[in-house]
Each structure stands twice: as C-alpha cells, then as structure tokens.
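# Reading the structure
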Amino acid sequence: MLVASLFWSLNPVAGKMALEEIAAPQLAFSRVLVAAITLFVLSYFRVKSFRPREIGWRPFVLGLIEPGLTSLLFVTSLTLLSASNTVIVMALMPFSQSIMGRIVFKEEFQLSVWIGGVLAIIGIAVFFTGEEKGTESLWGNMLLLTVFCLMIVSQLLTRKIMKSDIPAIQVTASQMISATIIIFAYLLLFGNLDLPVQITSETKLALIYLVFSMSIPFFLYNLAMRQIPVGMASLFLVLIIPFGFFHASVFLGEEITWAKSFGAVLVMIGVALPHLLQTGRKRLGVKLQSK
C-alpha cells in the first residue's frame, strides 16, 4: 500500500507534464493498453492460463469502471485543475468504505466517521480558498466528483472479488483488458487517433512512467486488500497528499500555500481519525479481555 500510494501520488504530476503535448484520450488509452499487455503476459506465465470463464464477469466489469471510465475522466480533469487539487480528492477514498457500508449493507455511521467527515469537509473548503475560481475549475471538480463516485462502486466490487480464490494478477489483468476496450471505443467515436509528430524528452519520460505505472499500483492494491484489513489499507491512501504535494512543488513548481497546507492537514486528520479511533477501541477491548 505504501508503494501503491507513492505511485498514485506521482501520477497527477506526470499526467500534467504529458498532457502538455498529448491529448487526454490518447494518454489514457496508452496507459491501459500497455498495462493490459504486460499483465496479460505475466498472468499467463504465472498462472499458466487465462480463462475468462474461470475468472468470471466481475473483474471485467470492474475494469470498465476502474480504471476504464475513472482514468479517462481523471486525465481529462488534469487538463482543468492543478495536480495538488486532484491529490486532495484522491485521498478522500477511505470515506467511500463508510459510505458504501451505509448504502449497501445498511451499516450505521459511527460518531468518529461523522467527526472525521466534518473535519475533511472543512479542510476541503479551506483548501479551495487558495485555488483559482473559474468555469474550468468548476468542470474539473465535477469530473473529479464523478471519479470519486465511480471509485466507491469499484471498491465494493474489489472487496467482493478479492474474497474469492481468483489470483490478484488475473483480476488486475482483466481490469486492464476491459478498460482498454472502453477507452479505445471512446477514441473511435469521439477522439483523435493521430499521435503528435514530435514530443519533448520530458514528455517522453512522463509518458513512459505513466504507461508502466498503471498496472503496478492496481496490482499492489488488489494484493494488499487480501493481506491487510480494509481500514489499514485506507489509511495508507492518506499519504497520497504529502507525497503528491511534494511532487507537484518539485516537478511542476506549483505553489503550496498555507491555506492549501492547512486544508490538506485537516483532510488527512479527518480521513484517518475514524480508522485510528476504531483501531484504538479494538486494542483497548483486547487488553480488557486479557485482564
């Protein structure tokens, strides 16, 4: 999860660099295509087979949602927003566990979730006071909100799939294959298949990183969901904020103001608080039982 968070925090920065010369649909398609080929080959040689009937339909549906639609919308939002802006929304993913538990499983919200949610909302409000206002910013944030909602659905599917005996690499390979299909269909209907004639060396490096970084964090995330509790995995996603801010400042020269920093700290506390309090209560209960 630590390595996956590091990859995800660098993706917005590399994406902003690549989008200076490459169109968003082409960038999204390049990433999922290389990831699909790489993971299919690795899956075939590791498991010695790749049979869709044995894998089932769920991993392929998961791929249509994430990284299919989510990567396309996320890359498009990068053309409208700063990298630090997108990092904040990505770090809110741990709240989706509580939201999905309430909607699907009719679970009650704990008090710590409410407190954490309020802190995160205040943090986002403070963060956006330091952002430029405008039509592009509004559309970009609407796209990010859509990405967030799609990721909520994908996390539910991931939890169900990773409880099965399907190898994690086959699940990830299936995701990338169906994602490639949906983004290629978008290219045929609405995009442009012509690649840029010349691109700079910086853009080439960013593109190389992006196409090979698509598969690694998703595979690590799927593997982590099988090895550690969901709450613990979600806590690692909070690290996307400091990692992402550092990368945005160093590689893009984005200004991280005090308002953005304070808002980000509130978001991090709000996201981490419910899981930390829940872990503390469990440890306290174990100690009391042992006594």
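Read on for a plain summary of the structure.

The rules we used
Residues numbered from 1 in each chain as written. Predicted model: local features only at pLDDT ≥ 70, side-chain atom pairs only at ≥ 80, totals over all residues. Heavy atoms only, no water. Helix = DSSP H or I, 4+ residues; strand = E, 2+ residues; numbered from the N terminus. Contact = heavy atoms within 4.5 Å. Patch = residues over 30% accessible without salt bridge, like charges linked within 9 Å, V, L, I, M, F, W, Y side chains within 5 Å. Areas by Shrake-Rupley, 256 points an atom, 1.4 Å probe, with all protein chains shown as cover. Salt bridge = Lys/Arg side-chain N within 4 Å of Asp/Glu carboxyl O. Buried < 20%, exposed > 50% of the residue type's maximum accessible area, 1.4 Å probe, protein only. Phe/Tyr/Trp six-rings, centres within 6.5 Å; stacked < 30°, edge-to-face > 60°. Axes fitted to C-alpha atoms, helices over the stretch in contact; angles between N-to-C directions. Parallel < 35°, antiparallel > 145°, perpendicular 65-115°, else oblique. Left-handed = near helix turned anticlockwise from the far one by under 90°. Nonpolar A, V, L, I, M, F, W, Y, C, P; charged D, E, K, R; others polar.

A tally of regular secondary structure across the chain gives 14 helices and zero strands. Traced from its N-terminal end to its C-terminal end, the chain shows the element sequence α-α-α-α-α-α-α-α-α-α-α-α-α-α. Looking at the chain alone, contacts between residues at least 24 apart form 91% of all its contacts between residues at least 6 apart.

Here E66 and P67 are connected by a cis peptide whose omega angle stands at 15 degrees. Tracing the chain through its elements places P67 in helix α4 (residues 58-78).

To continue, consider a nonpolar patch on the surface. Side chains of L33, I37, F40, V41, Y44 and F45 sit close together on the surface and give an oily, nonpolar patch of about 550 Å² of accessible area. In this fold, Y44 is placed in helix α2 (residues 24-47). Among the residues examined, Y44 registers a relative accessible area of 42% and is labelled partly exposed.

Here we come to the packing of aromatic side chains. Per the counting criterion, the structure on display carries three aromatic pairs. Judged by centre distance (5.4 Å) and plane angle (35 degrees), the ring pair of F29 and F184 falls under tilted. Of this pair, F29 sits in helix α2 while F184 sits in helix α9 (residues 168-190); the two residues are 155 residues apart in sequence, bridging distant segments of the chain. Assessed through its relative accessible area of 16%, F29 is described here as buried.

Further remarks concern the packing of helix α1 (residues 2-18) against helix α10 (residues 201-213). Closest axis-to-axis distance for the α1/α10 pair is 9 Å, and the angle between their directions is 140 degrees. The pairing of α1 with α10 is recorded here as oblique in orientation. In the crossing of α1 with α10, the sense of the turn from one axis to the other is left-handed. For the pair α1 and α10, the contacting residues are F7, L10, N11, A14, G15, M17 and A18 in the first and E202, T203, A206, Y209, L210 and S213 in the second. Residue composition of the contact of α1 with α10, grouped by class: eight nonpolar, four polar and one charged.

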